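Here's the letter readout for the chains.
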Amino acid sequence: GSAVFGIDVKVPGMLVAVVARCPVFGGKVASFDATKAKAIPGVRDVVQISSGIAVVADGYWPAHQGRAALDVKWNEGANAKVSSDSIASLFAAKVAHPGAMAHHAGHPEAPPTGATIIDAVYQTPFLAHATMEPMNCTAHVRADGVDIWAPTQLQTGAQMTGAAIGGVPPEKVLVHTTYLGGGFGRRIEQDFIAEALETSKAMKVPVKVIWSREDDMQHDFYRTATLHQLRGGVDAQGNAVFLTHRMAAPSAMIRFFPQAVKNGLDGELVEGAVENAKAYAIPNAHIDCSITDTGVPVGFWRSVSGSYNGFVVESFYDELAHAAKKDPYEFRRDMLGASPRYLGVLKLAAEKAGWGTPPAAGRARGIAMFKSFESYVAEVAEVSVATDGAVTVHKVVCAVDCGPVVNPAIVESQMQGAIVMGLTAALWGEITIDKGHAVQGNFDTYRMLRMKEMPVVEVHIVPSTEAQGGVGEPGTPPIAAAVCNAIFAATGKRIRRLPIGKVV
């Protein structure tokens, strides 16, 4: 309990603020009456800031009560009619036409004669970061400088935000980085930092802004939702001979790194999907992507594009394996002759999982692999499906090639953590949109994996002298596909839309 997280920060003379934000993404304050809010004991003032109305008080609870007493009218703006259904229709319209080309080899537009063809549409939802510590920041804006106490993943960004709002040179901004109760990409954003800075500037004292769980979940920069239209085929020898993969998704890169989006292509959106197609040496392959603005704010979520592309491509290759009437492991293995690092993790995971030997009664195995952050990971999931459709993941065997390893225990713990996050998302994770706002607001409607539901996770490291890769994120991409492929092996039912929920 001695570690100081952002939410624990205490500064002499500090006040606490809670912000009222428009429920609809992009909405603004039309008007407000603070009379009732200011009547709450402990409330010091109510000030308008760029994201909404800040209620400033002696502590969190009076600020929270003051916000509840506010009379605010919102200009909901252009997104007030956006829903999950309208977004799905928008995506479907986009993939009906070619997008920006990410990869093209051979002649995928003319499938080889005699090929067995599979058509599939895959979908993934928006996901919240759901960090255990909600967003918060403490700031003190003065004429001679700015102090920021923040659980941030982007100190330079916080410094630049402090300089812009405080009206001081960057060297006059001091960022105190606290421990953070989960980041996963959410804490590179500047919204919660800007709120504290603007409120402190207005109040002329240090101010800590604290978000509630509902604030955090309903005002996130979400993991991108996606839609994928795939077509692929295998020849009489059981080889994958062509693939087309058309994707529609919003882009986080446009906001963060617009220079990286060229000729309409955000390479981040298709990352991993292209690499897998090349690794499998599919002779006729085409991948394109249509950047699609849905009105819902999106950002970076653990493993970024790998979190959806891993599920989509490795599930679809599993479909091709069954169309070829081949074992899913052997199907992959036979296509990876020119990709030794992919092959290395695939073989190790299969071997350690006992692939080819019967699993326990009532269980089935699925396998998937993916490269992200310059590391290669393969996973085998062992699952069972109850008569009511409930899915239990009993065991996950993970093999990782991340280059030279300094501390194997860190590699193991990061793989385990990434698998937990990916598994929770695969089974239950979904933010749905209605009338321009997020429906889910807390863990009762945005389900987490319970400790009693945690599978046994084995991590095996491939000895390697190749370039060192990351380990914080690459364990996430293969897990959804491994589980869904195991569900198919157990039930014959193919999961093409996440979350899995119950298999019905």
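Reading the values: the criteria
Here the residue numbering is sequential within each chain, running from 1 through the sequence in written order. For a predicted model such as this one, the threshold for reporting local features is a pLDDT of at least 70, and the threshold for listing and counting side-chain atom pairs is 80 or more; totals across whole chains, interfaces and linings nevertheless cover every residue. Computation of side-chain values covers all heavy atoms of the structure but excludes hydrogens and water. The way it works is that DSSP assigns letters per residue, a run of H or I at least four long becomes a helix, a run of E at least two long becomes a strand, and they are numbered from the N terminus. Radius of gyration: over C-alpha atoms. The globule rule applied is 2.2 Å multiplied by the number of residues raised to the 0.38 power. We call two residues contacting when some pair of their heavy atoms lies within 4.5 Å. For every accessible area listed, the method is Shrake-Rupley and the probe measures 1.4 Å; residues are considered covered only by the protein chains on display. Strands are labelled as partners when DSSP assigns at least two bridges between them. Axis lines are fitted through C-alpha atoms, for helices just across the contact stretch, and the angle between N-to-C directions can take any value from 0 to 180 degrees. Salt bridge, as applied in this entry: a Lys or Arg side-chain nitrogen positioned within 4 Å of an Asp or Glu carboxyl oxygen. To sort residues, take the accessible area from a 1.4 Å probe on protein chains only and compare it with the maximum for the residue type: under 20% means buried, over 50% means exposed, and anything in between is partly exposed. Here the angle decides the label: under 35 degrees means roughly parallel, over 145 means roughly antiparallel, 65 to 115 means roughly perpendicular, and every other value means oblique. For any helix crossing, the convention is left-handed if the near helix is rotated counterclockwise from the far helix by under a right angle, and right-handed if that rotation is clockwise. Three categories are distinguished: nonpolar for Ala, Val, Leu, Ile, Met, Phe, Trp, Tyr, Cys and Pro, charged for Asp, Glu, Lys and Arg, and polar for the others, with Gly belonging to the last. Joining through side-chain atoms within 4.5 Å is the link that ties buried Ala, Val, Leu, Ile, Met, Phe, Trp, Tyr and Cys residues into a set, and such a set is a nonpolar core. Stacked, tilted and edge-to-face pairs are distinguished by plane angle, under 30 degrees for stacked and over 60 for edge-to-face with tilted covering the rest, among Phe, Tyr and Trp rings (Trp via its six-membered ring) whose centres lie within 6.5 Å. By the criterion adopted, a ring carries a charge over it if an Arg CZ or a Lys NZ lies within 6 Å of its centre and within 35 degrees of its normal. Multiplying 1.5 Å by the residue count of a helix minus one yields the expected span of that helix. A right-handed crossover is one whose linking path, passing over the helix from the first strand to the second, runs clockwise when the strands point away from the viewer.

(A) Representation of the overall build of the protein. The helix and strand tally for the protein stands at 13 helices and 22 strands. Over its C-alpha atoms the protein spans a radius of gyration of 24 Å, differing by no more than 12% from the 23 Å that the globule rule assigns to 504 residues. Projected onto its principal axes, the C-alpha coordinates of the protein cover approximately 75 × 50 × 45 Å. Considering only intrachain contacts with a sequence separation of at least 6, the fraction spanning at least 24 residues in the protein is 77%. Working note: accessible area of the protein is about 20,400 Å², and carbon and sulfur atoms make up 55% of it.

(B) Structural detail: the sheet that holds strand β13 (residues 240-249). Taken in spatial order, the five strands make up an open sheet running β6-β16-β13-β12-β7, and their pairing is mixed. Of all the strands in the sheet, just β6 (100-105) and β7 (116-124) have a single pairing partner and so form its edges. Strand-to-strand twist in this sheet, taken as the mean axis angle between neighbours without regard to direction, amounts to 10 degrees. Where strand β12 (residues 226-234) lies against β13, eight bridges are found, and the strand directions are antiparallel. Counted as the bridge partner of G232 is L243 from β13.

(C) A look at the pattern of salt bridges. Taken as a whole, this structure holds 28 salt bridges when the rule is applied. Across the salt bridge formed by R187 and E133, the nearest N and O atoms sit 3.5 Å from each other. A residue pair is termed long-range when its members are at least 10 positions apart, and R187 in the loop between β10 (173-177) and α5 (191-203) and E133 in the loop between β7 and β8 (136-142) qualify at 54 residues. E133 sits in the buried class, given a relative accessible area of 7%. A salt bridge links K502 to D388; the nearest nitrogen and oxygen atoms lie 3.3 Å apart. Linking K502 in the segment after α13 (477-491) with D388 in the loop between β18 (375-385) and β19 (391-401), this pair joins segments that are 114 residues apart in sequence. With a relative accessible area of 47%, K502 lands in the partly exposed category.

(D) Spotlight on the packing of helix α10 (residues 328-335) against helix α11 (residues 340-353). The geometry of α10 relative to α11 is characterised by a closest axis approach of 10 Å and an angle of 155 degrees between their N-to-C directions. As far as their axial angle goes, α11 and α10 are roughly antiparallel. Crossing hand, α10 versus α11: left-handed. Within the contact between the two elements, α10 uses Y329, R332 and R333 and α11 uses L343, L346, K347 and A350. Partitioning the contact of α10 with α11 into residue classes produces four nonpolar, no polar and three charged.

(E) Representation of the nonpolar core within the structure. If you look at the biggest cluster of nonpolar residues, it comprises 86 residues, and the most contacted ones within it are V483 and I500. A total of nine residues in this core trace back to one element, the largest contributor, which is helix α9 (residues 306-323). Non-local contacts of V483, meaning those with residues more than four positions away in its chain, are made with A381, V383, V393, L423 and I500.

(F) Examining the packing of aromatic side chains more closely. Summed over the entire model, instances satisfying the criterion amount to eight aromatic pairs. Look at F25 and Y222: their rings are 5.9 Å apart centre to centre, the planes differ by 75 degrees, and that puts the pair in the edge-to-face class. Within this pair, whereas F25 is found in the loop between β1 (15-21) and β2 (28-33), its partner Y222 is found in the loop between α6 (213-218) and β12, the two being separated by 197 residues in sequence. Residue class for Y222 comes out buried when judged on its relative accessible area of 0%. Consider the rings of F256 and F257, whose centres lie 5.9 Å apart with planes at 40 degrees: the pair is tilted. The exposure class of F256 is partly exposed, given its relative accessible area of 23%. Here the aromatic residues F25, F126 and Y222 are joined through ring pairs into a cluster of three or more. We note R21 situated over the ring of W211; from NZ or CZ to the ring centre the distance is 4.0 Å. The ring of W301 has R223 lying over it, and the distance from NZ or CZ to the ring centre is 5.8 Å.

(G) Focus on α11. For α11, which comprises 14 residues, the first-to-last C-alpha distance of 20 Å matches the rise-based estimate of 20 Å (1.5 Å per residue) to within 8%. Listed in full, the buried residues belonging to α11 are R341, Y342, L343, V345, L346, L348, A349, A350 and A353. In this structure, the buried side of α11 is in contact with α8 (273-279), α10, β17 (364-372), β18, β19 and β22 (456-461). G354 sits one or two positions beyond α11 and adopts a positive phi of about 75 degrees.

(H) Region of interest: the pairing of strand β9 (residues 145-150). The buried count for β9 comes to six of six residues, which makes it a mostly enclosed element. The pairing of β8 with β9 spans five bridges and is classified as antiparallel. In the sheet register, V141 faces β9, and the bridge partner there is V146. Relative to β10, β9 runs parallel, the two sharing five bridges. Its bridge partner being in β10, V146 is matched across the sheet by V173. The parallel pair β9 and β10 is bridged by helix α4 (residues 155-166), and the resulting crossover is right-handed.

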